[in-house]
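Chain residues, written in single-letter form:
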Amino acid sequence: MTSAPAPTLIAPPIVRRLACWLYEGMLMFGVVFIAGYLFSTLTQTRNALDNRHALQAFLLVVFGIYFTWFWAKGQTLAMKTWHIRVVNAQGQALSQRRALLRYALSWLWFLPPLGASAAWQLPSAQTAVLTLGWVAIWALLSRFHPQRQFWHDAWAGTRLIDARRQP
């Protein structure tokens, strides 16, 4: 029998978590721009389609460093804005290893629809619709978690909490 989470470990409403998620996406534009500029300068890439897969791998690593670093500190800039904090199951700060595990599992937001799109060779518009549909389903699946956490958080042993309720 599991006990109920302490009042300070309550998950923020799903609307606030998704608003934070969208804001994080807008902020990532700057990270992508700087990382892309650095990559193209270092590799002397002149055409955007040259070294495309190497750039994608580079961005995967840059995103991993960005999120692992900030999640181990407790919050990204978007999470600070929306008063959301990521902690481990006991309410303590994440280790770098747990933050990296959360990063790897967070790709479940995108990999299933992107994999299906690649397998079925869907055009961009259909890929976008499939991805948006999957994101909505994945977000709504948190309603089935006992503490209303996203499933990748549950599997990573992390949780999103309302930072305004912290002492």
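Conventions we followed
- Each chain carries its own residue numbering, running from 1 in the direction its sequence is written.
- A pLDDT threshold of at least 70 governs which residues receive local features in this predicted model, and a stricter bar of 80 or more applies before side-chain atom pairs are shown or counted, although totals over entire chains, interfaces and linings include all residues.
- Only heavy atoms go into the side-chain values, all of them from the structure, while hydrogens and water stay out.
- Helix and strand labels come from DSSP, where a helix needs a run of H or I of at least four residues and a strand needs a run of E of at least two; each type is numbered from the N terminus.
- The cut-offs for exposure are 20% and 50% of the maximum accessible area for each residue type, with area from a 1.4 Å probe on protein chains only; residues under the lower value are buried, those over the upper are exposed, and the others partly exposed.
- Whether two residues are in contact is decided by their heavy atoms, any of which lying within 4.5 Å being enough.
- Here the open area of atoms and residues is found with the Shrake-Rupley method and a 1.4 Å probe, where only the protein chains shown may cover a residue.
- His is not counted here, nor are the chain ends, while Lys and Arg score as positive and Asp and Glu score as negative.
- Lys charges are placed at NZ, Arg charges at CZ, Asp charges at CG and Glu charges at CD.
- A pair is scored as a salt bridge if a Lys or Arg side-chain nitrogen falls within 4 Å of a carboxyl oxygen belonging to Asp or Glu.

What follows covers the overall build of the protein chain. A count of helical and extended segments in the protein chain gives seven helices and two strands. Put simply, the protein chain runs from its N terminus to its C terminus through helices and strands in the order α-α-α-β-α-α-α-α-β. Principal-axis analysis of the C-alpha atoms places the extent of the protein chain at approximately 55 × 35 × 25 Å. Taken across its 167 residues, the protein chain has 35% of its residues classed as buried. The long-range fraction of contacts in the protein chain, counting pairs at least 24 apart against all pairs at least 6 apart in sequence, stands at 70%. Counting every atom, the protein chain has about 10,400 Å² of accessible surface; 69% of that belongs to carbon and sulfur. Distance from the positive charge centre (15 side chains) to the negative charge centre (4 side chains) of the protein chain: 8 Å.

Under the defined criterion, the tally for this structure stands at three salt bridges. With a shortest N-O distance of 2.4 Å, Arg102 and Asp153 are connected by a salt bridge. Of this pair, Arg102 sits in helix H4 (residues 96-106) while Asp153 sits in helix H7 (residues 151-156), and the two are 51 residues apart along the sequence. As far as the burial class goes, Arg102 and Asp153 line up, both buried. Linking Arg164 and Asp162 is a salt bridge whose minimum nitrogen-to-oxygen distance equals 3.4 Å. We classify Arg164 as exposed; its relative accessible area is 53%. The exposure class assigned to Asp162 is buried, which follows from its relative accessible area of 5%.

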